[in-house]
Amino acid sequence: MRTHTAAVVLATALAGTGWAAGQAPPDRGTIVASIDARKDAYAAIARQIWDHAELGFQEEKSSALLQSALAGAGFTVTAGAAGMPTAFTASYGRGKPVIVILGEFDALPGLSQAAGEAVRKPVTAGGAGHGCGHNLLGTASAAAAIAAKDWLAQTGRPGTLRYYGSPAEEGGGGKVYMVLAGLFADVDAVVGWHPSDQNSADAGSTLANIGATFRFGGSAAHAAMAPDKGRSALDGLEAFNYMLNLMREHVPQETRIHYVIRKGGVASNIVPDVAEGEYQARHPDMRVLQGIWDRILAAAEGAALGTGTRVEHQVTMSYWNVLPNDTLAAVQHRNLADVGGVTYSAEEQAFAEKIRATLISPGAPLGSQQEVQPMRSGTVAPASTDLGDISWNVPTVEVDAATFVPGVPAHSWQAVACAGSSIGVKGMVVAAKSMALTVSDLYGDPGLVAAAREEFLRRRGGPGFKYTTLAPSVPPLDYRR
């Protein structure tokens, strides 16, 4: 069985890699070499998670595989963190500082695709696929944690290292519930990464995001014989959509509002008594977005009032924008630059050229995967992540590594093909090395942790700041079922 094989390969790779008593503590080069020595084992784990392609809060096999790898490396693993069966923590060491490395492992629905294929070729029709490369994400973070743990043990430095396995990043908000459960209350810094089509470590932000399902209720009736007896829930939903589209002209220009109608009736000759839509609103500042969201709720009530229907809503997600930290980003960028980018073999180059031919607008040029982009500050990525909620509670940094062919967008079948290939593994290794080096820097220089904390408090707005969230009070464990 493949899971068994991956576990055995990793256990073998871990065996005999310690340093002899009295030997000099490992330096930065040793950290990098230890990850290279276990690369095949980590590649096997990443591919197994890619094969599982489990949706949010359903990642039983993927979570168990990573837990096994970390436990085998000497971490104390606790499953079921924050009320989520597939969430877990893995801890090593004691005392301060407390550093957390983040891992994810959920897939996306409908993106099944054969690995290394440059044509659309689902493995399972309608099946899930790792279109955001989370099979690589969770594995690289585990690799970084194991390398940093070995370094911590051999140097004898004080400190606690944790790996947090956070499920359901794609809409379920697993990290939000870890925050609410207090898992970051004693943490000094958080290090994470994300698959990308380039190598970068910026002090940038993202878009805050609030999402909800709105359900309109009306009264069914014969659409021809008794239309006056009916009240169309679809009318309520369409009126709501019309009002939102008018609102677009009167919100800050950085705002994004998008929706899809999920239910609109069952037959055209029946006045619909139920209609439902899924909505998201985004803005670079959660505090501004909350005001926009209040207007959206008012529009829903107005649409219901005007059409004689009823409306209720259920918030499904609430992600803060990422609070950047220049101090940590500078450390992470330096380490990424030391590690360097990704070099393709002739076979990988041929695949890259073919898959770029399938893209509408490739963007980043082929060859840029070998480079490390200059560090930028003040940028806002047009995407949202539950990492944002962590970043408002503890200093946080994230690095991107080129696991996708340049120009390949996330959440695409092309990204799935890359995430299951050797190209994805090469980017994964870049991320693992970069994070492990950054963690060792934070343990080695208490001044960095203190400086990151000072910047974090200043950017957050001082002691008056209080973190709140509109997310559901309990994890939406069935949101993908």
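Everything in this summary refers to the structure shown in the same document. The structure presented is a predicted model; accordingly, all values stated were derived computationally and were not measured. (Residues numbered from 1 in each chain as written. Predicted model: local features only at pLDDT ≥ 70, side-chain atom pairs only at ≥ 80, totals over all residues. Heavy atoms only, no water.)

Brief notes about the side chain of Thr438
Move 1: Note on placement: Thr438 falls in helix 13 (residues 422–444).
Move 2: Assessed through its relative accessible area of 0%, Thr438 is described here as buried.
Move 3: In this structure the side chain of Thr438 is engaged in a polar contact, spanning 3.0 Å, whose partner is the backbone oxygen of Ser434.
Move 4: Discounting chain neighbours no more than four positions away, the residues touching Thr438 are Val191, Val331, Gln332 and Asn335. (Helix = DSSP H or I, 4+ residues; strand = E, 2+ residues; numbered from the N terminus. Buried < 20%, exposed > 50% of the residue type's maximum accessible area, 1.4 Å probe, protein only. Polar contact = N/O pair within 3.5 Å; in protein donor to acceptor, adjacent residues only side chain to side chain. Contact = heavy atoms within 4.5 Å.)

A closer look at a nonpolar patch on the surface
Move 1: The grouping of Tyr242, Met243 and Leu246 at the surface amounts to a nonpolar patch, some 310 Å² of accessible area in total.
Move 2: In this structure, Tyr242 sits in helix 7 (residues 233–247). (Patch = residues over 30% accessible without salt bridge, like charges linked within 9 Å, V, L, I, M, F, W, Y side chains within 5 Å. Areas by Shrake-Rupley, 256 points an atom, 1.4 Å probe, with all protein chains shown as cover. Salt bridge = Lys/Arg side-chain N within 4 Å of Asp/Glu carboxyl O.)

So, the nonpolar core
Move 1: Counting 79 residues, the largest nonpolar core has Leu70, Trp193, Ile355 and Val405 as its most contacted members.
Move 2: When neighbours within four sequence positions are excluded, Leu70 is seen to be in contact with Phe75, Val77, Phe88, Ala90, Ala142, Ala145, Ile146 and Tyr163. (Core = buried A, V, L, I, M, F, W, Y, C linked by side-chain atoms within 4.5 Å.)

Remarks on the sheet that holds strand 9 (residues 274–283)
Move 1: Sheet architecture is open: four strands sit in the order 8-9-7-10, paired in antiparallel fashion. Of all strands in the sheet, those with a lone pairing partner are strand 8 (256–263) and strand 10 (310–319), marking the two edges. On average, each strand axis in the sheet is tilted by 20 degrees relative to the strand beside it, whichever way the strands run.
Move 2: Both strand 8 and strand 9 contribute to a ladder of seven bridges, which runs antiparallel. In the strand pairing of strand 9, Ile261 is matched with Gly277.
Move 3: Against the sheet, helix 7 contacts strand 7 (208–217), strand 8 and strand 9, and its axis sits at roughly 15 degrees relative to strand 9. (Pairing = 2+ DSSP bridges. Axes fitted to C-alpha atoms, helices over the stretch in contact; angles between N-to-C directions.)

Describing the pattern of salt bridges
Move 1: Following the criterion strictly, the structure yields 22 salt bridges and no others.
Move 2: Lys175 is paired through a salt bridge with Asp386; the nearest N and O atoms lie 2.9 Å apart. Residue Lys175 is found in helix 6 (residues 174–180), and its partner Asp386 is found in the loop between strand 11 (377–380) and helix 11 (387–391); the two are separated by 211 residues along the sequence. Taken as a pair, Lys175 and Asp386 share a single burial class, namely buried.
Move 3: Each of Arg28, Arg334, Asp338 and Asp441 takes part in salt bridges that share partners, so that together they form one network.

A word on the packing of helix 2 (residues 28–37) against helix 13
Move 1: The interhelical angle for the contact between helix 2 and helix 13, taken along N-to-C directions, is 145 degrees, at an axis separation of 10 Å. The element helix 2 and its partner helix 13 pack so that their crossing is right-handed. On the side of helix 2, the interface is formed by Arg28, Ile31, Val32, Ile35 and Asp36, while helix 13 contributes Val429, Ala432, Lys433, Ala436, Leu437, Ser440 and Asp441. (Left-handed = near helix turned anticlockwise from the far one by under 90°.)

Brief notes about helix 3 (residues 39–52)
Move 1: End to end, helix 3 covers 20 Å across 14 residues, agreeing with the expected 20 Å (1.5 Å per residue, within 8%).
Move 2: Of the residues flanking the end of helix 3, it is Ala53, one or two places downstream, whose phi is positive at about 45 degrees. (Expected span 1.5 Å × (residues − 1).)

Treat this as a map of the structure, not an account of what it does.
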